[in-house]
Structure formats: structure tokens, C-alpha cells
Amino acid sequence: MRNPLPPASVLIVGGGIGGIVLGDRLSALGIAVTICERHQGRAGSSWPEILWPATKARLALCRGGNDVTGRSLLTLGGMQAHVGGRWRELLSREGLQASSYGPVSADPHGLREGLLASSPCQIRRGLTWERPILDGDGSIRGGVFREAGSGAELEIRADLVVGDDGSGSRVREAIGIRFDARSFPLDFLCFPVLWPTRFPPDEALLWAAPGLPGIAGAMVMPQSPGGGGAGMILVDPAIRAAVGEETLWQACLERLPDFADFVVRAEEIPTAVVRDWGHARAYGGRGGVLLGDAIHPTSPAGGQGANMAVADAVALGGLVPQGGEFARLLATYESQRREANAKSVGITAAVASGLRAPLPGSWRRGLVRGGIRSVSRLGWAPWFLRFPATAFLGGEME
Ligand SMILES: Cc1cc2nc3c(=O)[nH]c(=O)nc-3n(C[C@H](O)[C@H](O)[C@H](O)COP(=O)(O)OP(=O)(O)OC[C@H]3O[C@@H](n4cnc5c(N)ncnc54)[C@H](O)[C@@H]3O)c2cc1C
């Protein structure tokens, strides 16, 4: 038997930003939403995350959204790049003030926790999706979860199952969607930051092509008016495997100008993050739907992943309450989102090809440094913001 739509109950697997926004929307309409998240608390270090104004506006519509966005989001006032031995203005304060597309820095953990705290949807932590519960015609009617701690299995049934369980999605696997993940040519070492008072509290900093072996760049970003933030180092996976994270971390601490001043705990090796990318061939099936990284994981290039997840959630949150056939819901959802998501994934594809281009390291560094110098001198950076700030929006959302 196919599940009834609109559903009385929705099970969301994974408590990422997309799942939380969807849960908030549906529960506000009286639908019983349960989010099952495998982690019991905060998982790992934070990372720098750019949200765009359109996403900030959508988050503000969540229950308590205004408070949360006020606490966990910081509109950037500028960006400096260290190139040719000195700091250069890459994004100027005046340029950003004149632009409607200024980037907003998010504290990803704070944002998710803040939204959950004021949302009526229920979150059950420490539950890892193991396999689907299927009915007679093979439709997914819920999931079997493994409880952290006890190791016991637990069944949760719902009229609709949504997979927001990230790039390695097990719900996607249960639906039977093929996904060819591609590896991104850089890995990311993420670490917490405490902003030194001698740097403006709302400007991000970038060390571009610093000429250290295995290190393509580094950045630090303020995330809250209180001086907290996060940073990441972009590293070559082969060199990371050969020399280890500690060597690369020490090189940054010793050789990147001003870098060590931002680091909270120099003795703590950053968390390594690998970002595979791709775009799934379908957005759901067998009575289950997917969103966010479960269908289109990307690299951090262009700041798209979380923005896409929120846009997916908004689209799905508008369609699910309308009812109708499951096949129609899925077709409409995919037709609203695929083109925009393809644009966003295209940014990662383009950057990955550029990084794989067979160029000598010195040429590559010259191109990056020359590009930053020109953009900085000509004040062009704000002109480049429109594309990443809107790529993830479907035509009807712009
Ligand atoms: C270093 C870095 C920088 C980034 N920069 C940006 C940026 O600037 N801008 C941007 O928009 N995006 C950025 N992203 C990407 C962004 O963080 C992700 O795209 C976004 O978080 C995806 O959200 P989501 O809703 O798809 O869920 P995810 O964040 O993928 O969350 C999935 C959740 O599912 C849970 N889960 C997984 N498997 C199971 C299971 N079997 N059972 C139960 N729960 C499960 C996980 O624990 C997790 O909480 C960055 C990511 C990284 C790592």
C-alpha cells in the first residue's frame, strides 16, 4: 500500500540543516515530525560556512529563526587576502555594503542547535539508520535504527521517510539510487579560531597559494560577534597521506604570517574532512525522498552545500502538505530543484577540473596570486558574488 499524502507523520533521517528546516516547516503545519540523528551531541570540529542572503531570509522564517540567525550568523564586512608579502583587500567594506549578495558567515553547529531548540519537531539522538521497513509493494514505511549505547534495534514507522543523511546516505542506498561519488582534489583541515582584537571582527582572511608544500591555501572566518570562528587549510590529499596532518599544521603555524594568532589550541591537530561530490540520478523513490548532501554533496567552493540543502527543504516543505500522488510529489520536487542544484554542483566541477589541470605548481601559484592582485586592485570581487549567491535558488525562488 502506498503511503498517504499529505502525511500525518514524517521520519527524517539525519539532523543536518536541510532536515531541520524541513522538520520545522512540516511540524508548524501539524505534521508529526521525528528527526533521527546518529550523533548524540556535537560531532567534530566546526568549519567555516558561507550562507547567502537568500538563505538567511529563509532561515529567519523558521520558528525562532530571527533570534537564531542573530546569534549564529555574522554578515561579513570584508575579506583580506595575504598575497605577495602583504594583506590586500579582496572584498571591500564599501563594495559589500553596495551589494545585495554579501556573504554571511555561519557557525554550523550553533545554527543547527539553535533552530532545533525552538522547533516543535522531535529529535531523537544516538539513532543510526540501519535498514528500511518495507510494506507489501516495496514502499518504505519507516526505518530500523541502532541505538547508541544499548546497541538495541528500534523500529520507527512514518507515512513519509526523508533522507537527510549526508553524502554516504544509507536511505539513498535503501531506495536503490545509484550515486557515483567523485573525489575532490583537496582535503580540508578544520579548526576552531579565536579572533585577535587587532583584526577587524567581521572580516575573513585568506592565505592564497602560500607556496608551502601540500598546502593550496588557508582561511579563517569569524562566526560570532563574540570573537569565535573557524578556519580550514586546503591540503593535497596525497601529500596529507604521505606526511600526515601534523606536519602540514606545523608548517602553517610556523610559516603563514599572522596565522598562529588565530589558533585556539596549537597542540590540537585539526579535524580532516574529505568532501566527495556528485549529483544523484534521482531525488527519491519507493516512498522515500532525499535532500541536501544525500543527493548533491559538493566541495566548499562557492559556498553552496548548506544553501542548497535549505533550498531543497523549502521546496519539499511546500510540496509535501499539498498531498496527491507520491510520484507527482517526487517529479515536481525534482523539477523544481535539479537545475539549480546542477548549477551549484557545477561550481565544484569547474574548480575540481581547474585544480586537476596539468600545470606546474609555480604557474598555478602565479595564476592564483595574479588573479587576487588584479581583483583586489580593480575592486571587482563584489561583481563575482551574484552567481554563487543565487545559483542554488530555483527560478521560482529568486
Ligand atoms: C569544510 C567545509 C566547508 C563548507 N563550506 C560551506 C559553505 O561555505 N557554504 C555552504 O553552503 N556549505 C558548505 N559546506 C557544506 C555544508 O556544510 C553541507 O552541504 C551541509 O551541511 C549539508 O546539509 P544537509 O542537510 O544535507 O546534512 P548534513 O550536514 O550532510 O548532515 C547529515 C546528518 O545525517 C547524520 N547521519 C548520517 N548517516 C546517518 C545514519 N545512518 N543514521 C542517522 N543519522 C545519520 C549525520 O550525523 C549528519 O548530522 C561545507 C562543508 C565543509 C565540511
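Keep in mind that this is a model prediction, so the values were computed, not measured.

K.L.:
When you look at the site of the ligand in this model, what are you seeing that I'm missing?
P.N.:
Surrounding the ligand, one finds 34 residues, the nearest of these being E37, E49, I50, D164 and D293. A distance of 2.7 Å separates an oxygen atom of the ligand from a polar side-chain atom of D164. Its free accessible area being 1000 Å², the ligand has 92% of it covered by the protein chains. Elements that contribute at least two residues to the shell around the ligand include exactly α1 (17-28), β2 (32-37), β3 (49-51), β9 (127-134) and α9 (305-319). Of all the elements, α9 adds the most residues to the shell around the ligand, at four residues. Tallied by class, residues from the shell around the ligand come to 14 nonpolar, 12 polar and eight charged. Shared between two domains, the shell around the ligand takes at least three residues from each, and those domains are domain 1 (9-46 + 108-182 + 278-352) and domain 2 (74-106 + 185-274 + 362-381).

K.L.:
Before we go on, may I ask you to explain the pattern of salt bridges in this structure?
P.N.:
Two side chains of opposite charge can pair, provided their charged atoms sit close to one another. The full count for this structure, using the stated rule, is 20 salt bridges. In this structure, R146 and E153 form a salt bridge, with 3.1 Å as the shortest nitrogen-oxygen distance. Looking at R146, the relative accessible area reads 32%, which means it is partly exposed. For E153, a relative accessible area of 40% corresponds to the partly exposed category. For R281, the salt bridge goes to D180, with nearest N and O atoms at 3.2 Å. With R281 in the loop between β19 (276-277) and β20 (284-285) and D180 in the loop between α6 (170-175) and β13 (182-183), this residue pair connects regions lying 101 residues apart in the sequence.

K.L.:
Mind showing me how you'd approach the domain arrangement of the chain here?
P.N.:
How big an interface is tends to be reported as the loss of accessible area on association of its parts. Assigned domains of the chain: these are domain 1 (9-46 + 108-182 + 278-352) and domain 2 (74-106 + 185-274 + 362-381). Centre-to-centre, using C-alpha coordinates, domain 1 lies 31 Å away from domain 2. At the junction of the two partners, domain 1 supplies six residues and domain 2 supplies 10 residues. For the pair domain 1 and domain 2, the two sides together bury roughly 560 Å², of which 70% comes from carbon and sulfur. Along the contact surface separating domain 1 from domain 2 lie zero salt bridges. Here domain 1 is connected to domain 2 by zero residue pairs in polar contact (both at pLDDT 80 or more). Grouping the amino acids of the side of domain 1 that touches domain 2 by side-chain chemistry returns four nonpolar, two polar and no charged.

K.L.:
How should I be thinking about the side chain of R337 in this particular structure?
P.N.:
Along the chain, R337 turns up in helix α10 (residues 326-356). Among the polar contacts made by the side chain of R337, one reaches the side chain of D312 at a distance of 2.7 Å.

Definitions and limits used
Every chain's residues receive numbers from 1 upward, in the order its sequence appears when written. Only residues with pLDDT of 70 or above have their local features reported here, since the model is predicted, and side-chain atom pairs are shown and tallied only from 80 upward, although totals for entire chains, interfaces and linings are computed over all residues. Neither water nor hydrogens contribute to the side-chain values; these are computed over all heavy atoms in the structure. Only a single heavy atom is needed: when it lies within 4 Å of a molecule or strand, its residue is near that molecule or strand. What qualifies as a polar contact is a pair of N or O atoms within 3.5 Å, subject to a donor-acceptor requirement within protein and to the restriction that residues adjacent in sequence count only when both atoms come from side chains. Computed with the Shrake-Rupley method and a 1.4 Å probe, the accessible areas treat only the protein chains shown as cover for residues. Secondary structure elements are defined from DSSP: runs of H or I of at least 4 residues count as helices, runs of E of at least 2 residues count as strands, and each element is numbered from the N terminus. Under the convention adopted here, Pro, Cys and the residues Ala, Val, Leu, Ile, Met, Phe, Trp and Tyr are nonpolar, Asp, Glu, Lys and Arg are charged, and Gly plus all remaining residues are polar. Each domain span listed reflects an automatic or database assignment of domains. The working definition used for a salt bridge is a side-chain nitrogen of Lys or Arg within 4 Å of a carboxyl oxygen of Asp or Glu. Only protein chains enter the accessibility calculation, which uses a 1.4 Å probe; a residue is then buried when its area is under 20% of its type maximum, exposed when over 50%, and partly exposed in between. Here a residue-residue contact requires only that any non-hydrogen atoms of the pair lie within 4.5 Å. Joining two parts hides part of their accessible area as seen by a 1.4 Å probe, and the buried area is that hidden amount summed over both.

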